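# Summary of structural features
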Amino acid sequence: MSIREAVFEKDYTRYAWQLGKNVSYTEKITEFILQAKDTEYAIAVLDGGYIAHIYFGRRVDDEDLTYLLRLDENPFTPKTNERDLGTFMDCLPTEYPCFGVGDYREPCLMIMDADGMSSCKLKYKSHRIYKGKPELIQEGSLGESAIRLPATFADEDEADTLEITCIDERSGIEAVLVYTAFNDLDVITRSVRLKNTGSRPVDIRRVLSACVDMPGSDYDFITLNGSWARERAVERTPLRTGKQSVDSVRGESSHQSNPFMALVSHNADEDGGEAYGFNFVYSGNFIAQAEVDQHGSTRAVMGINPCDFSWRLGTGETLTAPEVVMVYSDSGIGKMSRTFHDLYRGHLIRGEYRDKRRPVLINNWEATYFDFNTEKLIDIAKKASELGIEMLVMDDGWFGHRDSDDSSLGDWFVYEKKLGSSLKYLVDEVNKLGMKFGIWFEPEMVSPDSELFRKHPDWAIGIDGMERTMSRQQYVLDYSRKDVRDYVYSMMSDVLESANIEYIKWDMNRQLTETGSHMLPAEHQREIWHRYVLGVYDLMNRLTTDHPHILLEGCSGGGARFDPGMLFFAPQIWCSDDTDAIERLKIQYGTSICYPASAMGAHVSDCPNHVLGRTCPFATRGDVAMVGTFGYELDVTRIPEEDRAMIPAQIEKFKRYNPLVRTGDQYRIGNIFKDNTWDAWMFVSKDKSEALFTFVQVMSRPNRRSRLIRLRGLDEDAYYRNEENGSVISGKLLMNAGIYVSASGDYVSKTIAFTRV
Ligand code: DGJ
């Protein structure tokens, strides 16, 4: 059992200067210890029902960790300190802080009860420990059925779960704090389930999913931030007093910030130091925050962004807050990343393609934009199939009367006049070439110039009497409404049933504004942000359940929704609209901090690159795209012959090494954010018998000799053949002394495979 409990009676004596004498007291403490592989997380329930945080870190295997609570220090325990409970509340490391009762640090729970009161006080009621991990379900309300939230999963022999139920007696709000410890991974997950057991409705004004109060503040705060075409750039700053956070109020996780943060020791690098990673399994508004308080302790919180959030809970109703994944590493940021990769590959991503090599695709977006028809696509497919490409993806522009981005979203019927054929004809022709066929949808959107909007203007998110803010000439559909989702789904189904479609790219190209629903009653209006995300999950769930053979790729104007919530439905996500191989070094480095290469949508595109105007060798574009799902995004009939001629060998190389990239351990060797003149990484098979090393020289320097690079992740006691030059060298030497790598020219790449002999 990786979760155990122990009960201690502790005697303390302390000189109380307020009273001028020694005070002796006994505290009954129930301690819960959660062990996940080499990680330990400990919680205490104190006599007064307070739920305290004791420890999160490397496994210590000691029964009694209660001294870490410092209950013998001022302001000692509540029952002997009623004259200053406030000071106690503001010091106690706590598992789930509530607003309004003396803890002035960031709260997780804030309510508005039927009397208009916002304070609440959760106290321990009961607990239960069991094998396995529960699904996260949002129970139905307002005519909605129950919706399953994305979350990691585990069998009974893979994880254990602790549920601590606490209650705010006044409002009747019950909170179940759910913790799961994974046996073979350094992972603890958390979520919260609220229930109104009272007799009157309560508005939940904030419900975060996790809080960890850490004893010190000697950490760096790492977040993944950016913008369109430069998503997930790594930023690292030392913590300072006060709050530092990243968030989204855009209705999706966003280009600008990712629902991820890490607290790492100042000395942490890829291989050493401590790292605590937090990732939110959610695709909407979020907050990830670290707060250093007056005593130099750090409170890390994560959850749905409280900004503009409110949820009315009627008597007996429940609200499930999404999951936070917490990873601990005692061996640097690299190990933290690999733990996230293993967790997501084994316990989050689902579906037939999870463990399979994905088909090498060619997408027509950068090849044609909106200017295509069946003939053009078949020309591309013919050439592509000769070169070994396995799937044609028809991107935006095949429906309604869409010739540019200013019409037709919502009209999911085939624009036969433009294509010059039926969809079935096109797909059959592509299939005859031995290729699969994939298609693009943007199901959450509606264009003002569409039949759908003309018929149902109230189906778009908006506020009566206020002009809707247009973005990319489109509005967002109100996915909190089942009738809207049903309609979109039936249109999508008709398309999917009309031809042999084996892949869908689900795009989302704008963020939410004037976020109101024409359906929700006033007292439920502010639920729309969360109900929108639940609606997206509901539709994705229907799609993947009804069409289990379809490969789903997530996308949002590039990589604005690269989050664990999406990975539950889509085994791959388009990383960024920036397909320039050199910019991708940063984007893919940042993405790899918590997401596996198996999920990174990455393509070889044309040059000069459409976003940056940069020209890179075709080989480099291939080597960089191989750190992902791999494909092409160019007009293969028009690229230079010497580039085209490289495609068959590039695909062979991808097929040869994809199992390593998809299932192996990733080691970042260069750090493109620190030194932007080069980058390097390795993928090593789990049994350490094979490795692929990739080096990219961004900028050539004069009069520089070869670069000495230490490899990582190999078996020190084994010998490896360098497949480039045939030399056999020990893992010890490769990792401690390194290899010399030389390259000539800017933007050039080099890969070297190593095989254990
Ligand atoms: C944004 C995506 O990221 C692109 O790949 C492309 O699908 C366009 N949308 C189409 O509108």
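These figures come from a predicted structure and were not determined experimentally.

What counts and how
- Residues numbered from 1 in each chain as written.
- Predicted model: local features only at pLDDT ≥ 70, side-chain atom pairs only at ≥ 80, totals over all residues.
- Heavy atoms only, no water.
- Near = heavy atom within 4 Å.
- Polar contact = N/O pair within 3.5 Å; in protein donor to acceptor, adjacent residues only side chain to side chain.
- Areas by Shrake-Rupley, 256 points an atom, 1.4 Å probe, with all protein chains shown as cover.
- Nonpolar A, V, L, I, M, F, W, Y, C, P; charged D, E, K, R; others polar.
- Phe/Tyr/Trp six-rings, centres within 6.5 Å; stacked < 30°, edge-to-face > 60°.
- Helix = DSSP H or I, 4+ residues; strand = E, 2+ residues; numbered from the N terminus.
- Buried < 20%, exposed > 50% of the residue type's maximum accessible area, 1.4 Å probe, protein only.
- Lys NZ or Arg CZ within 6 Å of the ring centre and 35° of its normal.
- Pairing = 2+ DSSP bridges.
- Axes fitted to C-alpha atoms, helices over the stretch in contact; angles between N-to-C directions.
- Contact = heavy atoms within 4.5 Å.
- Core = buried A, V, L, I, M, F, W, Y, C linked by side-chain atoms within 4.5 Å.
- Patch = residues over 30% accessible without salt bridge, like charges linked within 9 Å, V, L, I, M, F, W, Y side chains within 5 Å.
- Salt bridge = Lys/Arg side-chain N within 4 Å of Asp/Glu carboxyl O.
- Domains from an automatic or database assignment.
- Buried area = accessible area lost by both parts, 1.4 Å probe.
- Parallel < 35°, antiparallel > 145°, perpendicular 65-115°, else oblique.
- Left-handed = near helix turned anticlockwise from the far one by under 90°.
- Lys, Arg positive; Asp, Glu negative; His and termini not counted.
- Charge placed at Lys NZ, Arg CZ, Asp CG, Glu CD.

### Describing the site of the ligand
The local shell around the ligand holds 13 residues, among which Asp-395, Asp-396, Lys-505, Asp-507 and Asp-577 are the closest. Within the side chain of Asp-395, one N or O atom sits 2.7 Å away from an oxygen atom of the ligand. Contacts to the ligand include Lys-505, whose side-chain N or O atom sits 2.7 Å from an oxygen atom. Burial of the ligand by the surrounding chains reaches 98%, relative to a free accessible area of 290 Å². For the shell around the ligand, the class distribution of residues is four nonpolar, three polar and six charged.

### What about the packing of aromatic side chains?
Summed over all chains, the structure comprises 32 aromatic pairs. On the numbers, 5.8 Å between centres and 50 degrees between planes, the contact of Phe-340 with Tyr-344 is tilted. Taken together, the residues Phe-340 and Tyr-344, both in helix 2 (residues 332–347) and four residues apart, mark about one turn of the helix. No difference in accessibility class separates Phe-340 from Tyr-344, as the two residues are buried. Taking the centre distance of 5.4 Å and the plane angle of 25 degrees together, the rings of Tyr-537 and Phe-569 count as stacked. With Tyr-537 in helix 9 (residues 528–546) and Phe-569 in the loop between helix 10 (564–567) and strand 29 (572–574), this pair connects stretches of sequence that are 32 residues apart. Summarising the burial analysis for this pair, Tyr-537 and Phe-569 share the class buried. Joined through ring pairs, the aromatic side chains of Tyr-41, Phe-56, Tyr-179, Tyr-219, Tyr-276 and Tyr-328 make up one cluster. Here Arg-584 stacks its cationic end above the ring of Trp-574, 4.8 Å away from the centre of that ring. Of note, Arg-668 hangs over the ring of Tyr-589, and the distance from its end group to the ring centre comes to 5.4 Å.

### With respect to the sheet that holds strand 38 (residues 728–730)
Strands sit in the order 33-34-35-40-37-38 across an open sheet of six strands; the sheet is antiparallel. The open sheet terminates on both sides in strands that have one partner only, identified here as strand 33 (665–668) and strand 38. Each neighbouring strand pair of the sheet contributes to a mean axis angle of 25 degrees, computed without reference to strand direction. Against the sheet, helix 12 (residues 618–625) makes contact with strand 34 (678–684), strand 35 (690–697) and strand 40 (748–756), and its axis sits at roughly 50 degrees relative to strand 40, the strand it touches most.

### Considering the sheet that holds strand 2 (residues 21–36)
Taken in spatial order, the four strands of this open sheet run 1-2-3-4, and their pairing is antiparallel. Each edge of the sheet is formed by a strand with only one pairing partner; in this case those strands are strand 1 (3–16) and strand 4 (51–58). Taking each pair of neighbouring strands and ignoring which way they run, the sheet shows an average axis angle of 25 degrees. In this sheet, strand 3 (residues 39–45) lies alongside strand 2 in antiparallel orientation, the contact comprising seven bridges. Among the inter-strand pairings, Gln-35 is bridged to a residue of strand 3, identified as Glu-40.

### What about the nonpolar core?
The nonpolar side chains of a soluble globular protein tend to be buried with one another. Core analysis: the largest hydrophobic core is formed by 196 residues, its most contacted members being Ile-204 and Tyr-632. Of the residues forming this core, the biggest block, ten residues, is contributed by helix 9. Not counting chain neighbours up to four residues away, the residues in contact with Tyr-632 comprise Val-360, Leu-361, Ile-362, Asn-363, Ile-389, His-603, Val-604, Phe-618, Ile-647, Gln-650 and Ile-651.

### Remarks on a nonpolar patch on the surface
Residues Trp-228, Val-611 and Leu-612 make up a contiguous nonpolar surface patch of about 260 Å² in total accessible area. Mapped onto the secondary structure, Trp-228 falls in the loop between strand 13 (219–227) and strand 14 (230–238). For Trp-228, a relative accessible area of 44% corresponds to the partly exposed category.

### Details of the pairing of strand 23 (residues 391–394)
Judged by which residues are buried, strand 23 turns out to be covered on both faces: Met-391 and Val-393 on one side and Leu-392 and Met-394 on the other are all buried. In this sheet, strand 23 lies alongside strand 22 (residues 361–363) in parallel orientation, the contact comprising three bridges. Looking across to strand 23, one finds that Leu-361 is bridged to Met-391. When strand 23 meets strand 24 (residues 436–441), the two strands line up parallel, connected through four bridges. Note that in strand 24 the partner of Leu-392 across the bridge is Phe-437.

### A few points about the pattern of salt bridges
Inspection of every chain in the model, using the stated rule, returns 61 salt bridges. Its salt-bridge partner being Arg-170, residue Asp-113 comes within 2.6 Å of it at the nearest N-O pair. Of the two residues, Asp-113 sits in the loop between strand 5 (109–112) and strand 6 (123–131) while Arg-170 sits in the loop between strand 9 (159–168) and strand 10 (173–182), which places them 57 residues apart along the sequence. For Asp-113, a relative accessible area of 7% translates into the label buried. Judged by relative accessible area, which is 53%, Arg-170 ranks as exposed. Put simply, Asp-342 and Lys-686 hold a salt bridge, and the shortest N to O gap is 2.9 Å. Of this pair, Asp-342 sits in helix 2 while Lys-686 sits in the loop between strand 34 and strand 35, and the two are 344 residues apart along the sequence. Residues participating in the shared-partner salt-bridge network are Asp-103, Arg-105, Asp-213, Asp-293 and Arg-299.

### Things to note about the domain arrangement of the chain
Quoted interface sizes are often the accessible area lost when the parts come together. What the domain assignment lists for the chain is domain 1 (3–347), domain 2 (362–659) and domain 3 (678–756). Between the C-alpha centres of domain 1 and domain 2 there is a distance of 36 Å. Taken residue by residue, the interface counts 51 residues in domain 1 and 51 residues in domain 2. Together, the buried faces of domain 1 and domain 2 total about 4,300 Å²; carbon and sulfur atoms form 58% of this surface. There are two salt bridges connecting domain 1 and domain 2. A salt bridge links Asp-308 to Arg-526, with the shortest nitrogen-to-oxygen separation between them at 2.7 Å. Taken together, the connections running from domain 1 to domain 2 amount to 31 residue pairs in polar contact (both at pLDDT 80 or more). Secondary structure elements with two or more residues in the side of domain 1 that touches domain 2: strand 8 (147–149), strand 14, strand 17 (275–280), strand 20 (311–313), strand 21 (318–329) and helix 2.

### Observations regarding unusual backbone geometry
In this structure, the amide linkage connecting Cys-607 to the following residue, Pro-608, adopts the cis form with an omega of -5 degrees. Phi at Gln-473 takes a positive value of approximately 60 degrees, unusual for a residue other than glycine. In this structure, Gln-473 sits in the loop between helix 7 (451–455) and strand 26 (475–476). Even without a glycine there, the phi angle at Lys-688 is positive, about 65 degrees. For Lys-688, a relative accessible area of 25% gives the class partly exposed.

### A short note on the packing of helix 12 against helix 14 (residues 647–663)
Relative placement of two packed helices is described by the angle separating their axes and the distance separating the axes. It is the contact of helix 12 with helix 14, at a shortest axis distance of 10 Å, that shows an interaxial angle of 25 degrees. Of the possible angle classes, the one that applies to helix 12 and helix 14 is roughly parallel. Crossing hand, helix 12 versus helix 14: right-handed. Residue-level contacts link Phe-618, Ala-619, Gly-622 and Asp-623 of helix 12 to Ile-647, Gln-650 and Lys-653 of helix 14. When grouped by side-chain class, the residues that make up the contact of helix 12 with helix 14 number three nonpolar, two polar and two charged.

### Let's talk about a negative patch on the surface
Taken together, Asp-155, Glu-156, Asp-157 and Asp-184 make up a surface patch of like negative charges. Structurally, Glu-156 can be placed in the loop between strand 8 and strand 9.

### A few points about the pairing of strand 12 (residues 202–214)
With twelve of its 13 residues buried, strand 12 lies for the most part within the structure. Across four bridges, strand 5 lies against strand 12 in antiparallel orientation. Looking at the pairing, Met-112 lines up with Asp-203 of strand 12. As judged from the six bridges shared by strand 12 and strand 19 (residues 298–304), these two strands associate in the antiparallel manner.

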